[in-house]
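# Results of the structural survey
These are the residues of each chain, in order.
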Amino acid sequence: MNRLTNKNAVITGGNSGIGLATAKEFIAEGASVIITGRNKEALDKSVQELGKNAHAVIADSADLTSIYTLKRKVSEIFPSIDILFVNAGISRFFPIEEVTEEVFDEVFNTNFKGAYFTIQQLLPLFKNGSSIILNASLNAHIGRPTASLYAATKGAVLTLAKNLSAELMPRKIRVNAISPGPIDTPLHTKKGSTTEEDIANRNKTKSMIPIGRFGSPEEIAKLVTFFASDEAPFVLGADIIVDGGMSL
């Protein structure tokens with residue numbers, strides 16, 4: 001299929017996990033893609049893996065100065081944008097008593113402030129009828145010990161998706177969100193770790209998933225591609241939970 005033929009896409013945090021899997025899916029569907037990230041070596045490696053329709057821009061979603069230069073860097077590669085997948089994020093889980101202002105600012109600056117201003121800065125490049133997809137989290141929908149800070153940032157992301165959907169409707173720019181549960185990515189699961197604590201935590205999480213396994217980045221990528229494509233013209237302000245039944 002070529003659902004994204006001749007479309008230009010930007011994926012923040014695109015050099016690993018869900019971001020990289022989505023870049024692969026977008027390119028397979030005909031798109032040209034810019035991935036962003038903080039690590040030049042990781043970006044270069046990912047672009048080499050993705051092939052000739054992939055480009056990289058060094059950008060830190062927690063740094064407003066970096067975000068303010070993102071529009072110029074993107075416009076030097078693409079004259080316009082059809083798709084933005086706001087995927088960059090970090091997870092920090094602490095009891096509320098242990099959350100410092102430094103940690104609070106780090107998580108909010110990356111997960112919400114970065115998302116907000118990335119959209120703001122790139123918006124002039126968007127074609128009318130484009131698509132923005134925000135990566136939220138199952139944690140915004142359920143209660144979980146030590147997740148209050150992380151969940152709050154993702155709850156803000158969901159609210160942003162709904163309100164921007166209304167605001168950008170005159171330009172027919174659709175804004176939607178996905179809320180993944182446990183996915184096999186470095187961000188959440190430390191896949192392959194052999195420490196007893198990490199293995200125990202992984203097994204505990206797995207036992208909470210009714211389907212009996214973690215999700216794959218590729219499964220999330222397919223859903224993001226649907227939101228990005230012309231197959232979803234009537235879908236806006238939506239959020240889909242993808243968690244193997246964990247929220248049932």
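First, a word on scope: everything that follows refers to the structure included in this document.

## Describing the pairing of strand S4 (residues 81–86)
- Counting buried residues in S4 gives 6 out of 6 residues, a clear majority hidden from the surface.
- The sheet contact formed by strand S1 (residues 8–11) and S4 spans 3 bridges and is parallel. Across the sheet, Ala 9 pairs through a bridge with Ile 83, a residue of S4.
- Taken together, the 5 bridges between S4 and strand S5 (residues 126–135) define a ladder with parallel strand orientation. Counterpart to Ile 81 in the pairing with S5 is Phe 126.
- On the question of chirality, the crossover connecting S4 to the parallel S5 by way of helix H4 (residues 101–122) is right-handed.

## Notes on the packing of aromatic side chains
- Throughout the structure, instances matching the rule amount to 5 aromatic pairs.
- Ring geometry for Phe 112 against Tyr 116: centres 6.1 Å apart, planes inclined by 55°, an arrangement best described as tilted. Separated by 4 residues within a single helix, Phe 112 and Tyr 116 lie in helix H4, roughly one turn from each other.
- Since its relative accessible area comes to 22%, Phe 112 is described here as partly exposed.
- Ring geometry for Tyr 116 versus Phe 117: centroids 5.4 Å apart, planes at 65°, classification edge-to-face.
- On the accessibility criterion, Tyr 116 (39% relative accessible area) is partly exposed.
- One cation-aromatic arrangement involves Arg 144 over Phe 93; the distance from NZ or CZ to the ring centre is 4.9 Å.

## A look at the pattern of salt bridges
- Enumeration over the complete set of coordinates arrives at 11 salt bridges.
- As a salt-bridge pair, Asp 44 and Lys 40 come within 2.7 Å of each other at their nearest N and O atoms. Residue Asp 44 and its partner Lys 40 are both found in helix H2 (residues 40–50); the two are separated by 4 residues, about one turn of the helix.
- Accessibility expressed as a relative area gives 37% for Asp 44, which makes it partly exposed.
- A salt bridge links Asp 82 to Lys 127, with the nearest nitrogen and oxygen atoms 3.6 Å apart. Taken together, the residues span a long stretch of sequence, with Asp 82 in strand S4 and Lys 127 in strand S5 at a distance of 45 residues.

Parameters at a glance
Residues numbered from 1 in each chain as written. Predicted model: local features only at pLDDT ≥ 70, side-chain atom pairs only at ≥ 80, totals over all residues. Heavy atoms only, no water. Buried < 20%, exposed > 50% of the residue type's maximum accessible area, 1.4 Å probe, protein only. Helix = DSSP H or I, 4+ residues; strand = E, 2+ residues; numbered from the N terminus. Pairing = 2+ DSSP bridges. Right-handed = clockwise from strand over helix to strand, strands pointing away. Phe/Tyr/Trp six-rings, centres within 6.5 Å; stacked < 30°, edge-to-face > 60°. Lys NZ or Arg CZ within 6 Å of the ring centre and 35° of its normal. Salt bridge = Lys/Arg side-chain N within 4 Å of Asp/Glu carboxyl O.

Remember, this is a structural readout, not a statement about activity or role.
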